[in-house]
Amino acid sequence: MPDKLPKSANIAPQSCDTFVALPPATALNCVVFGKNSDRPKGEVQEVVYFPSENHPAGAKVQCTYISIDQVEHTHAVILSKPAWMWGAEMGANDANVCIGNEAVWTKLCSDDDLEERLLGMDLVRLGLERASTAREAVDVITSLLEEHGQGGPCSDTKPDFTYHNSFLIADRKEAWVLETAGRLWAAEQVTSGCRNISNCLTIETKIDLMSGDLKEHAQSSGFWDGEGDLNFAAAYGKENESAAARFGRGKELLDKFAAAGEFGTLSMFEILRDCEGGICRGLDHEFPTAASQVRCNLKPTSH
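Below, the structure is looked at part by part. From a predicted model like this one, the values you see are computed outputs, not experimental measurements. (Residues numbered from 1 in each chain as written. Predicted model: local features only at pLDDT ≥ 70, side-chain atom pairs only at ≥ 80, totals over all residues. Heavy atoms only, no water.)

1. Let's talk about the side chain of Arg130
Mapped onto the elements of the fold, Arg130 is located in helix α1 (residues 120-130). Salt bridges are absent for the buried Arg130, whose nearest opposite-charge side chain, Glu129, sits at 5.4 Å. (Helix = DSSP H or I, 4+ residues; strand = E, 2+ residues; numbered from the N terminus. Buried < 20%, exposed > 50% of the residue type's maximum accessible area, 1.4 Å probe, protein only. Lys, Arg positive; Asp, Glu negative; His and termini not counted. Salt bridge = Lys/Arg side-chain N within 4 Å of Asp/Glu carboxyl O.)

2. Brief notes about the nonpolar core
Judged by nonpolar contacts, the single largest core of 30 residues is most densely connected at Ile68, Ile99, Leu118, Phe167 and Ile169. Mapped by element, the contributors of at least two residues to this core are β8 (77-82), α1, α2 (134-148), β11 (164-170), β12 (175-181) and β13 (184-190). It is α2 that provides the largest number of residues to this core, a total of seven residues. When sequence neighbours within four positions are dropped, the list of residues in contact with Leu118 reads Cys63, Ile66, Ile68, Leu123, Leu126, Leu144, His148, Gly149, Gln150 and Gly151. (Core = buried A, V, L, I, M, F, W, Y, C linked by side-chain atoms within 4.5 Å. Contact = heavy atoms within 4.5 Å.)

3. Things to note about the pattern of salt bridges
Per the stated rule, a full pass over the model turns up 18 salt bridges. The salt bridge involving Glu89 is made with Lys35; its shortest N-O contact spans 3.6 Å. With Glu89 in the loop between β8 and β9 (90-93) and Lys35 in strand β2 (residues 30-38), the pair connects residues that are 54 residues apart, well separated along the chain. Residue classification places Glu89 among the buried residues on the basis of a relative accessible area of 2%. The partner of Arg39 in a salt bridge is Glu89, and the shortest N-O contact between them spans 3.6 Å. Of this pair, Arg39 sits in the loop between β2 and β3 (45-50) while Glu89 sits in the loop between β8 and β9, and the two are 50 residues apart along the sequence. Note on Arg39: relative accessible area 3%, which makes it buried.

Set out below in structure tokens:
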């Protein structure tokens, strides 16, 4: 394992943030999802709609770099996506599932990440097209990650820009944080309150689901001594002061707006407009904020 990040990961990490708030933090018994997409300067990000569709047996779908097996039915989706790629930075489907992803740099980052596989943004779109709940989206993304891996240039203008991915997935009932290192992953269920992700691993010892060999790999690689509970972020994360500061800033703002139990869409707008903490960045920045998404899902009422 190299002592420093490979050349392909040496670009200064400048990316985005994703947030979710659930009852009792929110007003009107709703789940509020929000994300800023910060991308390389000059890149075009488009908002597109694809209707639900049935597909014949044996069909394939061409993702950004590779072709994979298609499923029988795909959900209708609204996506915010860089125009050059098949995948998306964020979006929602007709089953009220929302997904956003973040770039993360881990101890497993290497020049091998330049090999063309599935991009994290492809996994966002595949999760939205194939899942009816947030929990199903975790299964969709992790199964595809384990089968195909993640990799390939994450920019059409910066050919050595690669990273691993984390995801925040929400529906009308709950949210999941899913963080990856190569083909390995850990997931945390969120059923109340607030949660955010940025460009660093944030899952510590609250691991509700994980890849089957996660602990074994951590021990064999010398990332964890096997004592106590595995801390995923400590074991697999790379130090990233900028991302850690932005993650802390986002958590601080979530807590501030949720304190009275009245968090709503306007609260999320305020967080996404935070320039002081670097959550929102102008066009003069190398990685400006290219697009934003806010969605409010009303939780189903019980009878």
